[in-house]
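Reading the structure
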Amino acid sequence: MEENKQDLLLLQAQQAVDERAWSQALALYEELYQLEQNLAVNQQLVNLAVRLEQFQLAQQYLLDYVEKYLSTSDDVDNVILIFTKNQNYIICHEVINEITGPTLYQHAQQELALKEDEARLILQATFKARIREFKYLGIHDFAAQYHSYQTGLQLPLREHIAIAKTLLLDEDVSDLVRITILASFMALKIKEDVSFLWLDNEIYTRKFSDLVPPLATETAFIIQDTLYDELGDTDPVTLAGLEQNIILRIKAAFPFVEQVITDPVTWTKYQIARFRGEELPDLNENDIRWLLKFDALFAKIGN
């Protein structure tokens, strides 16, 4: 019965496209997508949303399969159009950095640079206001700082990077915001040296394009293996409850994952025992200290 409904919806949606009834076609494909998500329907939704100039909706659907839109110049141009219409320039840079083909990557970089240059001419006043909000985010509390950081993502790359670098050295900027900027610099593959104040109140300098992503470190692989060895077949509920929290902690420890988690096997077992309310295994002082540090940091998100 469900399959018959899907077939009928698909037929009606295709007919609406043939009749150039774009809004009707979009509604039908959305109903079909709710029944079964797949790339073919997703592509129709993205294209129809763009045709109807519903770029926020187009981006929403695009992000479900974004890696599938990075292999041809037409698809990449569409990705850039959608993100820049929504003025999400930094997220667009992060997305196109995932393109593997050098020729297509160069094309994407040039196309996005042109879109940013056009926007600088058209949105001068808007960018000026965003620059001011982003630059002075340190004077606010965490919630307002994070909002201002999101505003900063709607600046072109050059302006965003210039301000973000200063924020990484600003003691008034929340640790969580600086952690978020560090993660973004990793995704943006910033090639020049960047100095930053880290969680131990020390200043470091790194070239982010040379760093290993946190989830690709040996420590992260050991944690993942241990987590699945301990829980994979026996306690999927605990696994589901812990996995995202552990991923968040690994990402937050970037670029010093190995220094924060020096004993990944015991650290993982410690996290499992904490989650279950069981007796805690012996864990070294360094790893406990950082674990409690991140507990305090993440508690701020809920406050």
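This text gives an overview of the structure that appears in the document.

What counts as what
Residues numbered from 1 in each chain as written. Predicted model: local features only at pLDDT ≥ 70, side-chain atom pairs only at ≥ 80, totals over all residues. Heavy atoms only, no water. Helix = DSSP H or I, 4+ residues; strand = E, 2+ residues; numbered from the N terminus. Expected span 1.5 Å × (residues − 1). Buried < 20%, exposed > 50% of the residue type's maximum accessible area, 1.4 Å probe, protein only. Contact = heavy atoms within 4.5 Å. Axes fitted to C-alpha atoms, helices over the stretch in contact; angles between N-to-C directions. Parallel < 35°, antiparallel > 145°, perpendicular 65-115°, else oblique. Left-handed = near helix turned anticlockwise from the far one by under 90°. Phe/Tyr/Trp six-rings, centres within 6.5 Å; stacked < 30°, edge-to-face > 60°.

**Considering helix H15 (residues 264–276)**
- Taking 1.5 Å per residue as the helical rise, H15 with its 13 residues ought to reach 18 Å, and the 18 Å between its terminal C-alpha atoms agrees with that figure.
- Burial in H15 covers these residues: Pro-264, Thr-266, Trp-267, Thr-268, Tyr-270, Gln-271, Ile-272 and Ala-273.
- Structurally, H15 contributes buried residues whose contacts are with helix H12 (218–231), helix H13 (236–252) and helix H16 (285–299).
- Once H15 finishes, Gly-277 follows within two positions and takes phi at roughly 75°, a positive value.

**Notes on the packing of helix H9 (residues 142–152) against helix H11 (residues 175–188)**
- Relative orientation of the contacting elements H9 and H11 amounts to 20°, with a least axis distance of 10 Å. Looking at the two axes, H9 sits roughly parallel to H11. Relative to H11, H9 is oriented so that their crossing is right-handed. On H11, the residues that touch Phe-142, Gln-145, Tyr-146 and Tyr-149 of H9 are Leu-176, Val-177, Thr-180, Ile-181 and Ser-184.

**Some thoughts on the packing of aromatic side chains**
- Per the counting criterion, the structure on display carries 15 aromatic pairs.
- Between the aromatic rings of Phe-134 and Tyr-149, the centroid separation amounts to 6.4 Å while the plane-to-plane angle is 55°, which identifies the pairing as tilted. Of this pair, Phe-134 sits in helix H8 (residues 124–135) while Tyr-149 sits in helix H9; the two residues are 15 residues apart in sequence, bridging distant segments of the chain.
- Pairing Trp-198 with Phe-256 gives two aromatic rings, centres 4.7 Å apart and planes at 70°, and the pair type is edge-to-face.

**Topic: helix H5 (residues 73–85)**
- Taking 1.5 Å of rise per residue, the 13 residues of H5 would be expected to cover 18 Å, and the 18 Å separating its terminal C-alpha atoms lies within 8% of that figure.
- Residues of H5 that are buried include every one of Val-76, Asn-78, Val-79, Ile-80, Ile-82, Phe-83 and Thr-84, and no others.
- Contacts from the buried residues of H5 go to helix H3 (39–51), helix H4 (55–62), helix H6 (89–96) and helix H7 (102–122).
- Positive backbone phi, at 60°, marks Gln-87, one or two positions downstream of H5.

Remember that the coordinates give geometry; whether it matters functionally is a separate question.
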